[in-house]
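Structural characterization, general
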Amino acid sequence: LWMDRCDMSGGVAVTEAPNELTGDIDVCNPIGIVRLLRQTDAQIFTGWRGHEGLFDAGTVQSMQWVVERVCGVLSDPVRSAVVMSGCGTSGRIAFLMARSFNARLSAKGIPPCYHYIIAGGDQALLKSVEATEDSWKAGVEALEQVARGRERVVFIGITCGLSAPFVAGQLAHCLDNKAVFTPVLLGFNPIHQARHTPIRDWNKTFHDVAMAMMKECERGGACVLNPVVGPEAITGSTRMKAGSASKLLLETVLSLAHCQACSGRQGTGGRWVWRTARPAVAGRGQ
């Protein structure tokens, strides 16, 4: 009954539900625990209960849509940026990706263009700063600071449960400033399960922002990347499977962008010229 409720509008969010595979994980021996974790991790790729996973065509098309936009940033890294943002583990993954891919750019003598935002600032890389995670205004202020002076910004908001007010504020800011920002929402619940809870001192919920993102997807100006990878092996611990899926998706998208923009040289006016392969699959997030 519990699992039947978690895929219904108004029911338990998938990312917060118990996984039917691991109900007895607490009484398993070490080998049994590892096997159960392997089974639940397999849902990352196959999807959960008929939903799309990482290997499904819709997810691949959405990823390619993001790849194309990141390639656009790589064509002009001085005036453009890729900004990844999240709270807690999601913000730490953003930090890891930005540092890793900036190192790749630096190795080629190319200006770094990847930036991370974590709710609460760098101190949150080591400890929780929950008050900031609940502030949509803090998210907007952090994004404005990072994006200042940039003509084009691909923004990737990471929130596994489609619930963080910090990220909701940033996505709404992107939608209000489409001349500069291309927003991407990355999470792992069905879109109708985006959080409906009112956000303090704001007239929007995360669900409102998610619906606005979907409308912008239809116009080709945004992407919602939300394969439903299923409940966690340990209920609600989204730093496990959802964290792994976040890292896999971001690393794949950014690596593909670097491969497609595989050979660059500095042109006139400091602009970088890339030879970019035409993608085999193109699409937008739904």
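This is a predicted model, so every value here is computed, not measured. Residue numbering note: each chain is counted from 1, following its sequence as written. Per-residue local features are limited, in this predicted model, to residues with pLDDT of at least 70; the limit for side-chain atom pairs, both in listing and counting, is 80 or more; totals at the level of whole chains, interfaces and linings are taken over all residues. Computation of side-chain values: all heavy atoms of the structure, hydrogens and water removed.

**So, the packing of aromatic side chains**
- Ring pairs shown here join Phe, Tyr and Trp side chains whose ring centres sit within 6.5 Å, with only the six-membered ring taken for Trp; geometry is labelled stacked below 30 degrees between planes, edge-to-face above 60, and tilted in between. Counted by the stated rule, this structure contains four aromatic pairs.
- With a centroid separation of 5.0 Å and an interplanar angle of 40°, the aromatic rings of Phe-45 and Phe-55 are classed as tilted. Highlighted residues: Phe-45 in helix 2 (residues 30–46) and Phe-55 in the loop between helix 2 and helix 3 (57–74), separated in sequence by ten residues.
- Throughout this description, buried means an accessible area under 20% of the type-specific maximum (1.4 Å probe, protein chains only), exposed means over 50%, and partly exposed covers the range between. Using a relative accessible area of 30% as the deciding quantity, one classes Phe-45 as partly exposed.
- Relative to Tyr-116, the ring of Phe-95 has its centre 5.0 Å away and its plane inclined at 85°; by these criteria the two rings are edge-to-face. Here Tyr-116 lies in strand 2 (residues 114–118) and Phe-95 lies in helix 4 (residues 89–107), a separation of 21 residues in the sequence.
- Judged by relative accessible area, which is 23%, Phe-95 ranks as partly exposed.
- One Lys or Arg, Arg-69, reaches over the ring of Trp-65 and ends 4.0 Å from the middle of that ring. Working definition: helices are DSSP H or I runs of at least four residues, strands are E runs of at least two. Numbering for both runs from the N terminus. Two limits define a charge over a ring: the Lys NZ or Arg CZ must be within 6 Å of the ring centre, and within 35 degrees of the ring normal.

**A few points about the packing of helix 2 against helix 9 (residues 241–260)**
- Each axis is a line fitted through C-alpha atoms, and for a helix only the stretch in contact is used; angles between axes span 0 to 180 degrees, taken between their N-to-C directions. Where helix 2 contacts helix 9, the two axes come as close as 10 Å, and the packing angle between them is 40°. Comparing the axis directions of helix 2 and helix 9 gives the class oblique. For the crossing formed where helix 2 meets helix 9, the hand is right-handed. Taking contact as the criterion, the partners of Thr-40, Asp-41, Gln-43, Ile-44 and Phe-45 in helix 2 are, on helix 9, Lys-241, Ser-244, Ala-245 and Leu-248.
- Side-chain classes are defined by residue name, with Ala, Val, Leu, Ile, Met, Phe, Trp, Tyr, Cys and Pro counting as nonpolar, Asp, Glu, Lys and Arg as charged, and the others, Gly among them, as polar. Grouping the constituent residues of the contact of helix 2 with helix 9 by class yields four nonpolar, three polar and two charged. With respect to orientation, any angle under 35 degrees is reported as roughly parallel, any angle over 145 as roughly antiparallel, any angle of 65 to 115 as roughly perpendicular, and every other angle as oblique. Helix crossings get a hand from a simple test, with the near helix turned counterclockwise from the far one by less than a right angle marking a left-handed crossing and a clockwise turn marking a right-handed one. The criterion used for residue contact is that any of the two residues' heavy atoms lie within 4.5 Å.

**Focus on the side chain of Thr-22**
- Within the fold, Thr-22 resides in the loop between helix 1 (2–5) and helix 2.
- Not counting residues within four places of it along the chain, the set of residues in contact with Thr-22 comprises Leu-36, Thr-40, Glu-232 and Ala-233.

**Section: the sheet that holds strand 1 (residues 80–86)**
- Spatial strand order, 2-1-3-4-5: five strands in an open sheet with parallel pairing. One side of each edge strand has no neighbouring strand; the edge strands of this open sheet are strand 2 and strand 5 (223–225). Within the sheet, the average angular offset between the axes of one strand and its neighbour, ignoring direction, is 20°.
- Pairing between two strands requires that DSSP report at least two bridges joining them. One ladder, built from six bridges, connects strand 3 (residues 152–158) with strand 4 (residues 181–186); its direction is parallel. Each residue of the ladder has a partner; that of Val-154, found in strand 4, is Thr-182.
- Those strands touched by helix 6 (residues 136–147) are strand 1, strand 2, strand 3 and strand 4, and its axis lies near 160° from that of strand 2.

**Here we look at the layout of surface pockets**
- As a volume, the largest pocket reaches approximately 820 Å³.
- Going through the elements one at a time, helix 4, helix 5 (130–133) and helix 7 (165–176) are the ones with two or more residues in the lining of the largest pocket.
- Take the lining of the largest pocket: its biggest share by element is four residues, from helix 4.
- Residue composition of the lining of the largest pocket, by class: twelve nonpolar, 18 polar and seven charged. In the cavity and pocket records, a cavity denotes points on a 1 Å grid over the protein atoms alone where a 1.4 Å probe fits but cannot get out, a pocket denotes an open set with protein on both sides within 12 Å along at least 5 of 7 lines, and lining residues are residues with an atom within 4 Å of a point. Grid points are joined across faces, edges and corners, and a volume is the space filled by probe spheres set on the points.

**Concerning empty space enclosed by the protein**
- Following the criterion strictly, the structure yields one cavity of 30 Å³ or more and no others.
- Around the largest cavity, the lining residues are Val-66, Ile-156, Val-184, Leu-186, Leu-225, Leu-249, Leu-250 and Val-253.
- When residues of the lining of the largest cavity are traced back to their parent elements, those giving at least two are strand 4 and helix 9.
- When residues in the lining of the largest cavity are grouped by element, the largest group, three residues, is from helix 9.

**Observations concerning the confidence of the model for the protein**
- With 88% of its residues at a pLDDT of 70 or more, the protein shows a mean pLDDT of 89.
- Scored from 0 to 100, pLDDT reflects the predictor's confidence in each residue. Overall, residues 265–286 carries pLDDT values under 50, and its contacts beyond four positions in sequence, including any with other chains, amount to 60 contacts.

**Description of the nonpolar core**
- We call a set of buried residues a nonpolar core when its members are Ala, Val, Leu, Ile, Met, Phe, Trp, Tyr or Cys and they connect through side-chain atoms within 4.5 Å of each other. Counting 39 residues, the largest nonpolar core has Met-84, Tyr-114 and Ile-156 as the members making the most contacts within it.
- Of all the secondary structure elements, the ones that give two or more residues to this core are helix 3, strand 1, helix 4, strand 3, strand 4, strand 5 and helix 9.
- Tallying contributions element by element places helix 3 first for this core, with eight residues.
- When near neighbours in sequence (up to four residues on either side) are disregarded, Ile-156 contacts Val-66, Val-82, Val-83, Met-84, Ser-85, Val-184, Leu-186 and Leu-250.
- Grouped together as the second largest cluster of nonpolar side chains are 35 residues, Val-83, Cys-174, Leu-185 and Val-209 included.

**Quick word on the packing of helix 3 against helix 9**
- Relative to each other, helix 3 and helix 9 sit at 50°, their axes nearing to 8 Å. The orientation of helix 3 with respect to helix 9, classified from their angle, is oblique. The chirality of how helix 3 crosses helix 9 is right-handed. In this structure, helix 3 contributes Thr-59, Met-63, Gln-64, Val-66, Val-67, Val-70, Cys-71 and Leu-74 to the contact, and helix 9 contributes Leu-249, Thr-252, Val-253, Leu-254, Leu-256, Ala-257, His-258 and Gln-260.
- Residue composition of the contact of helix 3 with helix 9, by class: eleven nonpolar, five polar and no charged.

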